[in-house]
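Chain residues, written in single-letter form:
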Amino acid sequence: RRLLSSYHKNQAPIAKSQFQGVDLYPPLDGFPRKVTGVMGDPRDEGKRAHRGIDFSSTYWEPVRAVADGKVVLAGVDRKYKPSLNIDPELAGKFPSKDMGAGGLFVMIRHKNGLLSAYMHLATYRVKHGDTVHAGQAIGTVGRTGVKRSAAHLHFEMRHKGKHIDPLPHLKPYVFTPNDTYIGRRLAIEHRRIKRRHRRLMRKRRKMKVAGIKATRRE
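Described below are features of the structure shown in this document. (Residues numbered from 1 in each chain as written. Predicted model: local features only at pLDDT ≥ 70, side-chain atom pairs only at ≥ 80, totals over all residues. Heavy atoms only, no water.)

Some thoughts on the overall build of the chain
- Within the chain, the secondary structure is distributed over three helices and 16 strands.
- Sorting the 218 residues of the chain into buried and exposed places 43% on the buried side.
- Considering only contacts within the chain whose residues lie at least 6 apart along the sequence, 65% involve residues at least 24 apart. (Helix = DSSP H or I, 4+ residues; strand = E, 2+ residues; numbered from the N terminus. Buried < 20%, exposed > 50% of the residue type's maximum accessible area, 1.4 Å probe, protein only. Contact = heavy atoms within 4.5 Å.)

Here it is as structure tokens:
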């Protein structure tokens, strides 16, 4: 209630975290929040690695900028094509079948080379080039681009062009998966998937080598 009251007074809460001089605020209200997926988790049965963290959340929850900055992208992650800026009022008309895994999303450039990204949004209320302030509502939680999961916020941080793990920098605002029973069970399952993927890759390499040798003998 105190957090929501501060927003009602048009004030961001007191920052509890920093990244290289940038004050970081929570992307969702009511922290600490539960994180259900961490960076590096296997996705698509181990075919790719998770590039951010997932916050447990509900449809239409406000998503907030974690720091002051400028919107560099407000639009859609497209399949096999570059992301596209779209005005907020037109975003809902973009065909879901043409969306990439990120769905509707917003990306903000902060000082000192830091970028933050907010994905799977149901709606957003900012445009490319807008200046935003820490704690400002930039969109709402959704599940655009998601194949199986429930609505949640996928959050990424990038520094000088490289993905970085947001978890250590947002630690005051989260419960990590290891803090919950379900999270620990999921971690065990993720490790199992990784082991299976490594075995599959080794098997494929062996088959490829064997095929090359057979071709040479022929």
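A closer look at the pairing of strand β3 (residues 33-37)
- Where β3 lies against strand β16 (residues 174-175), two bridges are found, and the strand directions are parallel. Following the sheet pairing, Lys 34 is matched in β16 by Phe 175.
- Where β3 and strand β6 (residues 53-56) come together, two bridges link them in antiparallel fashion. Note that in β6 the partner of Gly 37 across the bridge is Asp 54. (Pairing = 2+ DSSP bridges.)

A closer look at the nonpolar core
- Ranked by size, the top nonpolar core spans 38 residues in total, and within it Leu 24, Phe 55, Val 106, Tyr 118 and Ile 138 carry the most contacts.
- Counting six residues, the second largest nonpolar core, distinct from the first, contains Leu 73, Met 107, Leu 115 and Ala 117. (Core = buried A, V, L, I, M, F, W, Y, C linked by side-chain atoms within 4.5 Å.)

Observations regarding the environment of Arg 64
- With respect to the helices and strands, the residue Arg 64 is situated in strand β7 (residues 62-64).
- For Arg 64 and Pro 26, which are 38 residues apart along the polypeptide, the C-alpha to C-alpha distance reads 7.3 Å.
- Polar side-chain contacts of Arg 64 include one of 2.8 Å to the side chain of Asp 29. (Polar contact = N/O pair within 3.5 Å; in protein donor to acceptor, adjacent residues only side chain to side chain.)

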